[in-house]
Amino acid sequence: MSATNAVPVSLAEIARIAGVGRAAVSNWRRRHDSFPSRIGGTDVSPQFSLSEVEQWLRSNGKLTDAGAREFLWPRFEALGSRDESGLAIAEAARRMRSPRTRSAAPGLSAEAKDLVGEAARLGRSEGPRMTFEFLLQRWLDTHVRQLSTTPTPLAALMARIALDSRLGEGDGGLTVFDPACGTGHLAAAAAQEYDGPGLTLLGCERDPALAALASARLDFATEGRDVRTEIATVDALRDDPFAGLRADIALCNPPFNERDWGYEELATDQRWTHGLPPRTEPELAWVQHLLTHLRPGGTAVIVLPPAVASRKAGRRIRGSLLRTGLLRAVVALPPGCAQPHSVSLQLWVLRAAPEGPQAGPSAQDALLIDATRLGKPGAREQGPDWDALTAFVRSAVSELDKPGGELPEGAVRVSLLDLLDDEVDVTPGRYTASGSEPSGVELAASWDELAGSLNELGDLTKYLSKIDLMAAEPRTTATVGDLVKAGALTLLAGQQPSDSTPPQGAGVPLLTVADLLMDGTPSGLLDPGAAQAVAEEGDVVVAGVVRAFRAWVHQGPPVALGPQLYALRVTPEKLDAHFLAGCLRAPANGRQAGTHASSSSRVDIRRLQVLQLPVEEQATYAETFRRLTAFEALLTRAGSLGKGLVDDVGDRLAAGGLATTRSGMSGPVRAHI
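Residues numbered from 1 in each chain as written. Predicted model: local features only at pLDDT ≥ 70, side-chain atom pairs only at ≥ 80, totals over all residues. Heavy atoms only, no water.

(A) Just the overall build of the protein, in detail. The helix and strand tally for the protein stands at 21 helices and 24 strands. For the protein, with 673 residues in total, the buried portion stands at 47%. Within the protein, contacts between residues at least 6 apart in sequence are counted, and of these 73% link residues at least 24 apart. (Helix = DSSP H or I, 4+ residues; strand = E, 2+ residues; numbered from the N terminus. Buried < 20%, exposed > 50% of the residue type's maximum accessible area, 1.4 Å probe, protein only. Contact = heavy atoms within 4.5 Å.)

(B) Main features of the packing of aromatic side chains. Inspection of every chain in the model, using the stated rule, returns eight aromatic pairs. When the ring of tryptophan 28 is compared with that of tryptophan 56, the centres are 5.7 Å apart and the planes differ by 40°; the resulting orientation is tilted. Of the two residues, tryptophan 28 is situated in helix α2 (residues 22–31) and tryptophan 56 in helix α3 (residues 50–59); the sequence distance between them amounts to 28 residues. Of the residues examined, tryptophan 28 reaches a relative accessible area of 9% and is grouped as buried. Judged by its relative accessible area of 4%, tryptophan 56 falls in the buried class. With centroids separated by 6.1 Å and ring planes inclined at 80°, the aromatic side chains of phenylalanine 579 and tyrosine 621 adopt a geometry described as edge-to-face. With a gap of 42 residues between them, phenylalanine 579 in helix α19 (residues 577–584) and tyrosine 621 in helix α21 (residues 615–654) connect regions that are remote in the sequence. A relative accessible area of 29% places tyrosine 621 in the partly exposed class. Three or more aromatic residues link up through ring pairs in this structure, and these residues are Trp28, Phe35, Phe48 and Trp56. Sitting over the face of the ring of phenylalanine 220, arginine 97 holds its NZ or CZ atom 5.8 Å from the ring centroid. (Phe/Tyr/Trp six-rings, centres within 6.5 Å; stacked < 30°, edge-to-face > 60°. Lys NZ or Arg CZ within 6 Å of the ring centre and 35° of its normal.)

(C) Representation of the state of the cysteines. Within this structure, the stated rule accounts for zero disulfides. No disulfide involves cysteine 181; its sulfur sits 7.2 Å from that of cysteine 204, the nearest cysteine. When its relative accessible area of 7% is taken as the criterion, cysteine 181 is described as buried. (Disulfide = S-S within 2.5 Å.)

(D) Fine view of helix α8 (residues 152–165). If you check α8, its first and last C-alpha atoms are 20 Å apart, about what 14 residues at 1.5 Å a residue would give, namely 20 Å. With ten of 14 residues buried, α8 is to be regarded as a mostly interior element. All of the buried residues in α8 are Leu154, Ala155, Leu157, Met158, Ala159, Arg160, Ile161, Ala162, Leu163 and Ser165. Taken together, the buried residues of α8 touch β4 (174–178), α9 (185–193), β7 (247–252), β8 (294–304), β10 (346–351) and α13 (386–397). (Expected span 1.5 Å × (residues − 1).)

(E) Geometry of α3. Within the span of α3, buried status applies to Leu50, Ser51, Val53, Glu54, Trp56 and Leu57. Once α3 ends, the next one or two residues include glycine 61, with phi positive near 65°.

(F) Summary view of the sheet that holds β4. Taken in spatial order, the nine strands of this open sheet run β6-β5-β4-β7-β8-β10-β9-β11-β12, and their pairing is mixed. Each having just a single partner strand, β6 (227–232) and β12 (411–415) make up the two edges of the open sheet. Neighbouring strand axes in the sheet, compared pairwise and without regard to direction, differ in orientation by 15° on average. The strands touched by helix α11 (residues 282–291) are β4, β7, β8 and β10; relative to β8, the strand with the most contacts, the crossing angle is about 155°. (Pairing = 2+ DSSP bridges. Axes fitted to C-alpha atoms, helices over the stretch in contact; angles between N-to-C directions.)

(G) Expanded view of the side chain of arginine 271. Locating arginine 271 in the fold gives a position in the loop between β7 and α11. Looking at arginine 271, its side chain comes within polar contact range of the side chain of histidine 289, at 2.8 Å. (Polar contact = N/O pair within 3.5 Å; in protein donor to acceptor, adjacent residues only side chain to side chain.)

(H) Seen up close, the packing of α8 against α13. Contact pair α8 / α13: the axes reach a minimum separation of 11 Å and the direction vectors enclose 15°. Classified by the angle between their axes, α8 and α13 sit roughly parallel to one another. Where α8 crosses over α13, the handedness of that crossing is right-handed. Between α8 and α13, the contacting residues are Pro153, Leu154, Leu157, Arg160, Ile161, Asp164 and Ser165 on the first element and Trp386, Thr390, Val393, Arg394 and Val397 on the second. Tallied by class, residues from the contact of α8 with α13 come to seven nonpolar, two polar and three charged. (Parallel < 35°, antiparallel > 145°, perpendicular 65-115°, else oblique. Left-handed = near helix turned anticlockwise from the far one by under 90°. Nonpolar A, V, L, I, M, F, W, Y, C, P; charged D, E, K, R; others polar.)

(I) Looking closely at the sheet that holds strand β2 (residues 40–41). An order of β1-β3-β2 is seen for the three strands of this open sheet, with the pairing classed as antiparallel. At either end of the open sheet lies a strand with only one pairing partner, and these are β1 (8–10) and β2. Direction of pairing for β2 relative to strand β3 (residues 46–49): antiparallel, over a ladder of two bridges. The residue bridging glycine 40 from the neighbouring strand is glutamine 47, located in β3. Running over the sheet, α3 touches β1 and β3 and is turned about 75° from β3.

(J) Expanded view of the side chain of glutamine 564. Tracing the backbone through its elements, the reader meets glutamine 564 in the loop between β20 (559–561) and β21 (565–570). What makes glutamine 564 buried here is its relative accessible area of 18%. What glutamine 564 contacts, discounting residues up to four positions off in sequence, is Val513, Val542, Ala543, Gly544, Val545 and Arg602.

(K) Fine view of the environment of aspartate 219. Note on placement: aspartate 219 falls in helix α10 (residues 208–221). Residues aspartate 219 and arginine 97, spaced 122 residues apart in sequence, show a C-alpha to C-alpha distance of 8.8 Å. Among all residues touching aspartate 219, those that are not within four sequence positions of it are Arg97 and Thr229.

(L) Looking closely at unusual backbone geometry. Glutamine 339 connects to proline 340 through a cis peptide bond whose omega is -10°. Along the polypeptide, proline 340 turns up in the loop between β9 (327–332) and β10. The backbone phi angle of valine 424 is positive, close to 50°, even though this residue is not glycine. Position of valine 424 among the secondary structure elements: in the loop between α14 (416–419) and α15 (428–432). On the accessibility criterion, valine 424 (6% relative accessible area) is buried. A positive phi is found at glutamine 564, a non-glycine position, where the angle reads about 70°.

Encoded structure:
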């Protein structure tokens, strides 16, 4: 491989090239004096010369079949510019599909042009589509903080909803329109879901690199089919290249919260038939833009932030969309479906009024679907259970035009009379909450669980209250730092993870301090080859920050640790893990090892004190520490159960749901005020 001397690679990238874990590369570096020397980076995140790494891997027989593509990517990344690397990948894709093409995209440097040629040759030998998708995914992973893409499962769901909800057939096939297409996720999903003839995919994207990549992606996605594709590099709101277009379906994941969307220059635009979108409501501009490009009976599905459903500034437009029967359904998605992952995004389903025999009176209701319960608590980055979410939403949307149809729990038809109030709030959870009440069986199960927790609390209370706590006497202690030096334990420090996305199904759960401050469930996934401290079962995990200070023995599968989290791996002959965790988590211990200048102050883990006791005596302390920890967990669980029961039973009582007997009649009590 030529021209790679100046290209730096990290240990994680070397691991990908060699097809091994990061730990294996660190081991090679320690064991082999011939391993390349560091050329940059830091001691924690060193960088090495790509050419020297390639030579060492080849001479030591450690290259895999996938190494060629992995060697190629660092050179694209080394181009420095996000735009140039993206344009180079798109140009390489064009050359892969058309080997005789020799003209390069304008604006590429000589280095980028050479790289395009190498990538095209590699793609033709190893598979053009596979090579392009590899490079595209690595590019998206590298720039994940600058780009917002539509995950493949969400794109497929949106395409399926649109195809299922449209009325009638278009002339000569299907036309799909996306005015803010990014790298083409939604159009590619529509091509995947539609198996009929005469497909046309039209899109707009103002970012030249994204537009070029979208065009390349759709060329591969529709290869061998009678499909017309066109991606215009333009700002669709300001300069619509498809004026007059009437598409069968429109799909869009527009940019959110953009104030500079053209409010002043577009104030008199004819697209605003439902009202001029306020400066603070650019999403409603995209909604109306989509509607002007639908044929009669055509359907649009758009991703929107939840505030669009209730913000006061947009209520007039929402009201008009409802009165004209254009807004047919709103789906509240669970957090984690797309960026931003912490937000419960919504899908709005809009349909243009049909003409001819299918034309009828305007709809008198809207379908509101609350799918937020299908999320995975605390696992925002991993996304929801897509199979369950897709089945639920499609089941609900299938009843869109069946007024008497049975809706699944979590979906409800709401009449326009109820929606067109002073707020015109179309947030699904506002109307479906009553349908999510726990059943009598579920309430009984909660009462049984609470009773069981209280019984266990009683047993632990008896045990702990009888502990003979003698007056504290001075005892010899050792710091964590001393124990590390003595070989009694190993200290692993968590780190800030990289931006890379792990291969699907291969990630290690990532725990952060922010997760501990919520529900303690890891919220992210980490590439198994990344440089990161991993807590194994039996390790003691310590949070080294005052606001979340705690220590516990990790149980279950391995979990990667983020910044300010530490794993202490004990030597069983010298230390009991539960004894160590109990000593470390003592509040007095945390106070003496932390600065406490603010809630973000750190705890110096190495200064934490541990009693010096023989292993045999540690076991007695460990058992008591375990029971104390169980007592704390049961208190928390019982409190949560009790609060939930108070809320659920209170709601039932306030709604007149108390069964009683009065004057010989049994039934709900009716209060007369």
